[in-house]
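# Survey of secondary and tertiary structure
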Amino acid sequence: EKVRSLQTRLKREYPGVIWTLPVWEAAISACSRGPGNWTMAQEVIAEMKQESPFPSAQTYLALFQVCSTSTNTLQAVEILRYLLQADDAPVSVSPRIWGAALHVCAIAGDHVSAGTILSWMQEKGHRANVRHCTAYLKALAVSRQDRVALAFLEYMVHGQNIDTDQTNITSSPWHGLL
């Protein structure tokens, strides 16, 4: 409502001013600062589509920011899936977008979704950087998956499949990730 009222007021006071993409992105980011943030972000996106600015990578980073503050991993995964699968996806998935999606999982402690995102990275031929690995480790830590976290750290250090304390990691799901 605040976004709409601001937009309405600005349009009335400054009839020639056009809401540019950075203004829309700032409005989406602002949604991460209050209750009902995902619902409000969806309203901003719907309005943005009516005005038809072409979304950028920053638009999607703002959406992931909203997902992060609401710990909405399901929506973050769906956004990423759309970017990966849609023929008409407006942006390519960059390391920053991978990282933003993994950050949502880290905050929520959703190691399963984080693992899914890492496997998608592998499938698409993207290599994990320190931020990606840290987010995965945080998701594992928050969800108390200590053995898997230790196995992943061993893999990061040695770059090979290992069997830590009989966790039976013989075929590493991370092969080729780093």
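Just so it is clear, the structure is predicted and the values come from calculations on it, not from any experiment.

Analysis parameters
Residue positions are given per chain, counting from 1 as you read along its sequence in written order. Only residues with pLDDT of 70 or above have their local features reported here, since the model is predicted, and side-chain atom pairs are shown and tallied only from 80 upward, although totals for entire chains, interfaces and linings are computed over all residues. Water and hydrogen atoms play no part in the side-chain values, which are based on all heavy atoms of the structure. A run of H or I in DSSP counts as a helix once it spans at least four residues, and a run of E counts as a strand once it spans at least two, with each numbered from the N terminus. Exposure is judged per residue with a 1.4 Å probe applied to protein chains only, and the accessible area is read against the type maximum: over 50% gives exposed, under 20% gives buried, and values in between give partly exposed. By the convention used here, residues are in contact when the closest approach between their heavy atoms is within 4.5 Å. Here the accessible surface of atoms and residues is derived via Shrake-Rupley with a 1.4 Å probe, and residues count as covered only by protein chains that are part of the display. Stacked, tilted and edge-to-face are the three classes applied to pairs of Phe, Tyr and Trp rings, where Trp contributes its six-membered ring and a pair requires centres within 6.5 Å; stacked means planes under 30 degrees apart, edge-to-face means over 60, and tilted covers the rest. Throughout, disulfides are identified as pairs of cysteine sulfur atoms within 2.5 Å of each other. Salt bridge, as used here, is a side-chain nitrogen of Lys or Arg placed within 4 Å of a carboxyl oxygen of Asp or Glu. Note on geometry: axes are lines fitted to C-alpha atoms, helical ones only across the stretch in contact, with angles between N-to-C directions running from 0 to 180 degrees. The scheme is simple: roughly parallel for angles under 35 degrees, roughly antiparallel for over 145, roughly perpendicular for 65 to 115, oblique for anything else. Throughout, a crossing is termed right-handed when the near helix is turned clockwise from the far one, and left-handed when it is turned anticlockwise from it by less than a right angle. By the convention adopted, Pro, Cys, Tyr, Trp, Phe, Met, Ile, Leu, Val and Ala count as nonpolar, Lys, Arg, Asp and Glu as charged, and the other residues, Gly among them, as polar. pLDDT is defined as a per-residue confidence score from the predictor, taking values between 0 and 100.

For the rest of this paragraph, the subject is the overall build of the protein. Each helix and strand counted, the protein has nine helices and zero strands in total. The N-to-C order of helical and strand elements in the protein reads α-α-α-α-α-α-α-α-α. Considering the protein as a whole, with its 178 residues, one finds that 42% of them fall into the buried category. Pairs at least 24 apart in sequence give 57% of the contacts found in the protein among residues at least 6 apart. Only carbon and sulfur atoms are counted for the fraction: they give 53% of the accessible area of the protein, which is about 10100 Å².

As a further point, take the packing of aromatic side chains. Scanning the model with the defined rule gives one aromatic pair in all. With centroids separated by 4.9 Å and ring planes inclined at 85°, the aromatic side chains of Tyr-136 and Phe-152 adopt a geometry described as edge-to-face. Remark: Phe-152 occurs in helix 9 (residues 146–158) and Tyr-136 occurs in helix 8 (residues 130–142); sequence separation between them is 16 residues. Side by side, Tyr-136 and Phe-152 carry an identical accessibility label, which is buried.

Backbone geometry places Thr-71, a non-glycine residue, at a positive phi of 45°. Here Thr-71 lies in the loop between helix 4 (57–69) and helix 5 (73–85). Residue Thr-71 is classed as partly exposed on the basis of its relative accessible area of 40%. Positive phi outside glycine occurs at Arg-144, with the angle close to 60°. If you trace the backbone, Arg-144 turns up in the loop between helix 8 and helix 9.

This brings us to the state of the cysteines. For the structure on display, the rule yields zero disulfides. Free cysteine: Cys-67, not disulfide-bonded; nearest cysteine sulfur from Cys-105 at 9.8 Å.

A separate point is the pattern of salt bridges. Considering all chains together, one arrives at one salt bridge under this definition. Here Arg-81 and Glu-78 are joined by a salt bridge, their closest N and O atoms 3.3 Å apart. With Arg-81 and Glu-78 both in helix 5 and three residues apart, the pair spans about one turn of that helix. Residue classification places Arg-81 among the partly exposed residues on the basis of a relative accessible area of 29%.

Moving on: the packing of helix 6 (residues 95–108) against helix 7 (residues 111–123). The interhelical angle for the contact between helix 6 and helix 7, taken along N-to-C directions, is 160°, at an axis separation of 8 Å. Judged by the angle between their axes, helix 6 and helix 7 are roughly antiparallel. When the axes of helix 6 and helix 7 are compared, the crossing they make is left-handed. For the pair helix 6 and helix 7, the contacting residues are Trp-98, Ala-101, Leu-102 and Cys-105 in the first and Ser-113, Ala-114, Ile-117, Leu-118, Trp-120 and Met-121 in the second. A per-class count over the contact of helix 6 with helix 7 returns nine nonpolar, one polar and no charged.

Take the confidence of the model for the protein next. Residues of the protein with pLDDT of at least 70 account for 79%, and the chain-wide mean is 80. Within the protein, no element has a lower average pLDDT than helix 1 (residues 2–13), which sits at 65, and none a higher one than helix 6, at 94. Below pLDDT 50 for its whole length, residues 161–171 participates in 16 contacts with residues either more than four positions away or in separate chains.

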